[in-house]
Amino acid sequence: MENSSFFSRNKAYIYTFAGLGLVGFVFVEFLMIIDWNYFIKYKLHILMGGSLDGVLTPPSSTYEAMSNAAFGPNYEAFSPEIIRASNERQLYIWWVFVAEIALFCGMYLFQGRRTPVVKNPNDEVVVFNLFQRTVIWLNVLIMIALIITGFNITWGLRSGGGELAFLLRGTHEITGLIWFPVWLLMSIVAFKDSKLLFKNSLTKKIIIPGSYKPMKRIIYYFFVIMGAGLLVSGFIIWFLHPDAYTHAQLIQFKRMMLYVHFGSSVLLMFFIMDFVYSALVAVKGNYKGLLSGKYPREHLEQIAPDVLAELENKKGKMA
Amino acid sequence: MSKVDFSRMKFYCDETLCIDCNGCVVACKEAHEVPVGVNRRKVVTINEGIVGKEVSVSMACMHCTDAPCQQVCPVDCFYIRTDGIVLHDKNKCIGCGYCLFACPFGAPQFPKDGAFGTKGKMDKCTMCAGGPEETNSEKERHLYGQNRIAEGKVPMCASMCSTKALLVGDAHEVALIKTYRATKKGQGIVTDSYGW
Amino acid sequence: MANTWGYGAMTNHIGDMQNSKAIIIFGANPAANHPIAMQHILKAKEQNGAKIIVVDPRYSKTAAKSDIYCRIRTGTDIAFMYGMIRLILKNKWYDQSFIQDRVYGMDEIFKECEHYTPEVVEDITGCPKEILIQATTAYAAADPGCLIWNQGWTQHTVGSSNTRLGSILQLTLGNMGKAGGGCNILRGHDNVQGSTDMGCLADTLPGYYGLAEGSWKYFAKQWNVDFDWLKARFKTPDMMQKKGFSLSLWIHGVLDEANNKNNADAPLKALVCIGNGISTITQTHKMKEALDKLDLVVFIDPYVNDAAVITTRNDNMFLLPAASQVETEGTVVNTSRCAQWRYKVVDPLYEARADHEILFDFAKRFGFYDQYIAGMGKGDKFVWPDDATNEIAKALKTIGMQGRTAERIKKHTTNWHLFNDTSLKGRGVVEKEYYGLPWPCWTTSHPGSPVLYNLSLPVSQGGMGFRTRFGVERNGESLLAANGSAPVGSRIKGGYDEITAKNIEELAGITLSEDEKKLLEGKNWKNDDSGLLNKYALEAGLAPYGNARARTIVWEFIDNIPKHREPLHSFRHDLTAKYPASNDNPNHFRTNVRYISEQTKQEWVKDYPINIVSGRLVEHMGTGTETRASKYLAELAGEMYGEIHPKLGGKLGINDGDMMWVYGTGEGKIKIKCKYGYTVDENSVFLPQNFSGVWSGESLEKRYPGVTAPYALGENSNQITSYGYDQQTSCPETKCSLVRLEKA
């Protein structure tokens, strides 16, 4: 019998949240200059049915009223942070990525790769059907496209701007739109534990067999949430197009959305790396199955026995 | 040896004189053939109809000394002239919109006529000083509009202001005019009729 | 105003407002309609410490810059002004010596004003009495103060009384004839003064000469045509001398057969409309009917006239493209009587032709071209427009146009940088002349008269007293100015009659030679072609038109002294009994016009409980025919709307941005967007009058030929304005209409 303490069962959650918490704390406390108080109050204000314009308290003077009507309220709350964030993103974010990659390299060094021993490579089980594989790869390709075009904007200094960069920026917006259905489907996968979904005949087709390990669950939930954040904030940034006269009412909201977009993208990048690591680096042999849809039985026995059990159950049911 | 003192070009709009006639808005659009939907300059009126409190002011790019747009642009397409006018290069601009987020005044404008409504290149008030192309060339005029500063002319909006509420020029000069007007209040007409 | 002191034009000039210590603005919105003039008003406010007082039913952009704002109900200006006069009387703020020397009949005014206590004024106008008192105190204390008005006053059934009482108010305070004072009517178009000077009115010949035989004979001589030939062009001699149909009433000449008897037993059959927005007169649906019924309709205009798409006639309607102002050359006269030359910039594009080319072409085809051009005296070899300008200068003596030759006007325009905008004085080559030679400019060496009725200047420098237009005495009292009241340098130190051949010797202290006597026989200053009368008069320091008192009593008018009368469709029906409209006029500009019968027909306010406040948007001009075709202006103000107070919107169940139907008292209706705003009170709706192209909810865009439709179309607000015309001038009562609002 395996020793199962609270800690060992929830290791993934604890490590993830502790790590995020630490990094987050460092950032929030020392690096970010956003007005968190306003940030939270603004969101509440919107949810409580208030207006989008960001004026949380009525102006106390004609000057302030003029300022709100002409420029939008509380410039100091978000804009300095956006300026800092977009400048520092350009210069330092790749260091962050280097650090994250280093972290995963370190983990690889310590934990190595789990390599299942496969003696009968021809004894294969179908795990992913065509539809699932299409969606998975479409997701991969679109996300790569989004990452490239998105960071094309961030690293504009390196690209130097110009027509190609302009086109890539435009592509980012349209690709984001295309990603929405794919994200939706992947979200269904992520929440497959929920009864509503796996009892639904429509969604059964996409659900991937197997039960979740905590790390995977965390990763998927973050994908969903950050993805949602990116999509919603992206749409709003794109579609909400204030002209000179509606600027003051909408700009504060757009600024907040931009901030959400930046934040979501950074967090998402981390979890992409985490996923790539845990699915493809930490385990050898997962890659092939994503293409063909089939895995050798022994591979599944050793790496993902829950998947095998579920598939056999299904088979059993169908038989 | 005397220190060279560069002028700093600034706009100033006196809200006690601005009557929301939109003359500046139309003058700018006409002069630079700005597309419909983009307003380099706008007039904001607050407390409309409230007795004693209604105020109007005309705003465009303020050509900030520490221009946030220039700080935030990912492709660094802005350049600030020695005289303080903030200009940008439309050929570099990728239309990401960061400058609009960073600008306290909403000066950057984007034509929304791309495919799927995607943003075009950023356009904003140039204080009638054109862009990086060759001065007064057809290319410059096509992209940015007139370059009046190079010809020694007053920017279009201020030159057309009905009540001369909008002033533009070296910050010291403009401040001097304002000071002069304030000190001469109520003392009788001291200046020539048009302008102050 | 002409009936008060002789000339009916803005008495001072625009730059002169900088000299005021108080500017009171009734029924005008210079911030929206004369933005450049607003600069002078604001300069007066800032540099000269002037108090700006705005009296308006709507808190307009002008009111936003005012020091004191008085909200009054539309059509109650007379009550307000009498309230002011009463306070002035009680507090002895009136200018005693001015009244004694230069005004006739002030006692009647002082009697009438007794009734208008601040409480009564508050009841009638709705303006709190404290504000009335505050405004009057501030205005009376200022010296000089100028009074501005425009169509907010003239477009009432009592418009003529409004303007008279405004003039009387200025007389009471002694604000006339001085820099910074005066009655400054900021007229609505840049050349409306010029067009009325040229006689584009139904009741005058050019230069405001009347329609009597004497005037026609005079003009026959000026035009070098035979008087009998001219007379024969009319069906009957009395048709020649009759007032014509006015702009607001012509529709009744087409539609109402009862008016045929005023029109030589025939209805109007054809209409030629040259550059006029006829669709902005009240009762547009009646105009549509009239246009549909006519035999022939011609529009001469650079743009498609809005009326052309409102009418649904299928035949005999012609649109002739006219050239715009930059494609032709000529003079314009601004609201302060100054002339300006306009040079041609480009030749007319496409098929457009300059107006005069079109008219000459008509004259040729009708067979009177030779007579038409005879006035210029050069036969076929005339130079347009110089010779025409000189013909005008020569002919229009009543307003002293003699000095405004083409050469002098061109010189001013070419050298406009040499003139001071506040005083209009020139320097250098145009030294001693006033910009634009504001009329009266009695001789070709006269500098023009920027401030009318100014006694502190000699006549040869632009000074003058009031005009002796109404006779020299009335009921035993002299109408001439008192002794001691005369322009500087005047030989006669008091009042005198207008200059004629008979009295020139005596008044000017000269003896005419025999030749001169022959030349001048039977002549007076208005028809003396030799110019001798003016010459001698000026030499003696006399104004050719005499020196008289201004009269507060106009005995030819329906209301001898201005009286408050409720509008025909009054919001306060209870007051119509006490202040009723005047009697119906069966032959007002050849039309039977209803007054009291319309007012008492029904209690209008029961079915139409909302008051209209009408006005203009700064982005548009007039009907908006030209400005709505400008893409940037259409972008800024492209949609018709009705602005109501949020409380009214709440009561009616109409939200900000909803569409609503507006029903007028005359069976018209329009569908417009609702806009919430605080500029009007809770019983009113503000309607801009600059839109056209939508007819009761239906867009007329398809009726525009080709691609001529303007960018912005909107409901024409005159579909729902009420019936009513000024009792003297027939100006339509667009300012006092009642409507009903309903959510669409």
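Please refer to the structure higher up on the page.
What counts as what
Residues numbered from 1 in each chain as written. Chains lettered and ligands numbered in written order. Predicted model: local features only at pLDDT ≥ 70, side-chain atom pairs only at ≥ 80, totals over all residues. Helix = DSSP H or I, 4+ residues; strand = E, 2+ residues; numbered from the N terminus. Buried ≥ 20, exposed ≤ 12 C-beta atoms within 10 Å, placed from the backbone. Contact = placed C-beta atoms within 7 Å. Rg over C-alpha atoms; globule rule 2.2 N^0.38 Å. Pairing = 2+ DSSP bridges. Axes fitted to C-alpha atoms, helices over the stretch in contact; angles between N-to-C directions. Nonpolar A, V, L, I, M, F, W, Y, C, P; charged D, E, K, R; others polar. Parallel < 35°, antiparallel > 145°, perpendicular 65-115°, else oblique. Left-handed = near helix turned anticlockwise from the far one by under 90°. Core = buried A, V, L, I, M, F, W, Y, C linked by C-beta atoms within 7 Å.

Caption draft 1: Highlighting the overall build of chain A. Check the secondary structure of chain A and you find 15 helices and two strands. When burial is assessed residue by residue, chain A has 26% of its 319 residues classed as buried. Partitioning the intrachain contacts of chain A with sequence separation of at least 6 by distance along the chain shows that 74% fall at a separation of at least 24.

Caption draft 2: A look at the overall build of chain B. Looking only at helices and strands, chain B features six helices and six strands. In sequence order, the secondary structure elements of chain B are arranged as β-α-β-β-α-β-β-α-α-α-β-α. At 18 Å, chain B has a C-alpha radius of gyration in line with the 16 Å of a compact globule built from 196 residues. In terms of overall dimensions, chain B has C-alpha extents of about 55 × 55 × 30 Å along its principal axes. Looking at chain B as a whole, 51% of its 196 residues qualify as buried.

Caption draft 3: Focus on the sheet that holds strand S7 (residues 270-274) of chain C. Residue and element names in this part refer to chain C. Across the sheet, three strands lie side by side as S7-S8-S9; this open sheet has parallel pairing. Looking along the sheet, the strands with just one partner apiece sit at the ends: S7 and strand S9 (317-321). Averaged over all pairs of adjacent strands, the angle between their axes in this sheet comes to 10°, without regard to strand direction. Examined bridge by bridge, S7 and strand S8 (residues 296-301) share five bridges and lie parallel to one another. Looking at S8, one finds that Ala270 is bridged to Leu296.

Caption draft 4: Representation of the interface of chain B and chain C. Contacts between the two partners involve 28 residues from chain B, matched on the other side by 30 residues from chain C. Among the elements that make up the side of chain B that touches chain C, the one with the highest residue count is helix H1 (residues 23-32) of chain B (five residues). In terms of residue class, the side of chain B that touches chain C is made up of eleven nonpolar, eight polar and nine charged.

Caption draft 5: Just the packing of helix H7 (residues 118-125) of chain C against helix H8 (residues 129-141) of chain C, in detail. Residue and element names in this part refer to chain C. H8 packs onto H7 with a crossing angle of 110° between their chain directions and a minimal axis gap of 8 Å. Between H7 and H8, the angle is such that the two are roughly perpendicular. Here H7 and H8 pass one another in a crossing that is right-handed. Residue-level inspection shows Pro118, Glu119, Val121 and Glu122 of H7 in contact with H8, the latter providing Lys129, Leu132 and Ile133. Split into classes, the residues belonging to the contact of H7 with H8 amount to four nonpolar, no polar and three charged.

Caption draft 6: Spotlight on the arrangement of the chains. With two pairs of chains in contact, the largest contact count belongs to chains A and B. No part of chain A reaches chain C; the closest C-alpha pair between them is 10 Å apart.

Caption draft 7: Inspection of the environment of Ser61 of chain A at higher detail. Tracing the chain through its elements places Ser61 of chain A in the loop between helix H3 (36-47) and helix H4 (62-71). The spatial distance from the C-alpha of Ser61 of chain A to the C-alpha of Asn286 of chain A is 64 Å, given a sequence separation of 225 residues.

Caption draft 8: Looking closely at the sheet that holds strand S23 (residues 698-699) of chain C. Residues and elements named next belong to chain C. Ordered by their spatial adjacency, three strands build an open sheet running S23-S22-S24, and the pairing between neighbours is mixed. Two strands in the sheet have a free side with no partner beyond their single neighbour: S23 and strand S24 (714-715). As judged from the two bridges shared by strand S22 (residues 693-695) and S24, these two strands associate in the parallel manner. Residue pairing across strands places Val694 opposite Glu715, the latter belonging to S24.

Caption draft 9: Focus on the interface of chain B and chain A. The interface of chain B with chain A comprises 34 residues on the first partner and 37 residues on the second. Among the secondary structure elements, those contributing two or more residues to the side of chain B that touches chain A are strand S2 (42-46), strand S3 (55-59), helix H2 (68-72) and helix H3 (98-102) of chain B. In the side of chain B that touches chain A, the residues fall into 19 nonpolar, ten polar and five charged.

Caption draft 10: Representation of unusual backbone geometry in the model. All names here are of chain C. Between Asp143 and Pro144 the backbone carries a cis peptide bond, its omega angle lying at 5°. Considering the arrangement of structural elements, one finds Pro144 in the loop between H8 and strand S5 (145-149). A cis amide bond links Trp384 to the next residue, Pro385, at an omega of 0°. Positionally, Pro385 belongs in the loop between helix H19 (369-373) and helix H20 (386-395).

Caption draft 11: Molecular detail of the nonpolar core. Formed by 214 residues in total, the largest nonpolar core has its most connected members in Leu166 of chain B together with Ile23 and Ile53 of chain C. Apart from the residues within four sequence positions on either side, Ile53 of chain C is in contact with Ala22, Ile24, Ile25, Ser66, Asp67, Ile68, Ala135, Ala138 and Tyr139 of chain C. By size, the runner-up hydrophobic cluster in this structure holds 33 residues, among which are Ile278, Tyr303, Val593 and Trp695 of chain C.

Caption draft 12: Broad picture of the packing of helix H6 (residues 130-154) of chain A against helix H8 (residues 163-190) of chain A. Residues and elements named next belong to chain A. Relative orientation of the contacting elements H6 and H8 amounts to 150°, with a least axis distance of 8 Å. Crossing of H6 against H8: the hand is left-handed. Of the residues in H8, those touching H6 at Val135, Leu138, Asn139, Ile142, Ala145, Leu146, Thr149, Gly150, Asn152 and Ile153 are Ala165, Leu168, Arg169, Thr171, His172, Thr175, Gly176, Ile178, Trp179, Val182, Leu185 and Met186.

Caption draft 13: Quick look at the pairing of strand S21 (residues 684-688) of chain C. Residues and elements named next belong to chain C. In terms of burial, S21 is a largely internal element, five of the five residues being buried. Residues Ser684, Phe686 and Pro688 point to one face of S21 and Val685 and Leu687 to the other, with burial holding for every one of them. Sheet analysis places strand S17 (residues 610-615) next to S21, joined by five bridges and oriented parallel. In the sheet register, Gly615 faces S21, and the bridge partner there is Pro688. Summarising the sheet, strand S18 (residues 641-644) and S21 pair through two bridges and their orientation is antiparallel. Within S21, the position partnered with Ile644 by the bridge is Val685.

Caption draft 14: Examining the pairing of strand S10 (residues 330-333) of chain C more closely. Residue and element names in this part refer to chain C. Sheet topology note: the S10/strand S11 (residues 339-342) ladder contains four bridges and is antiparallel. Counted as the bridge partner of Thr331 is Trp341 from S11. In sequence, S10 turns back onto S11 through a hairpin of five residues, with Arg337 there showing a positive phi of about 70°.

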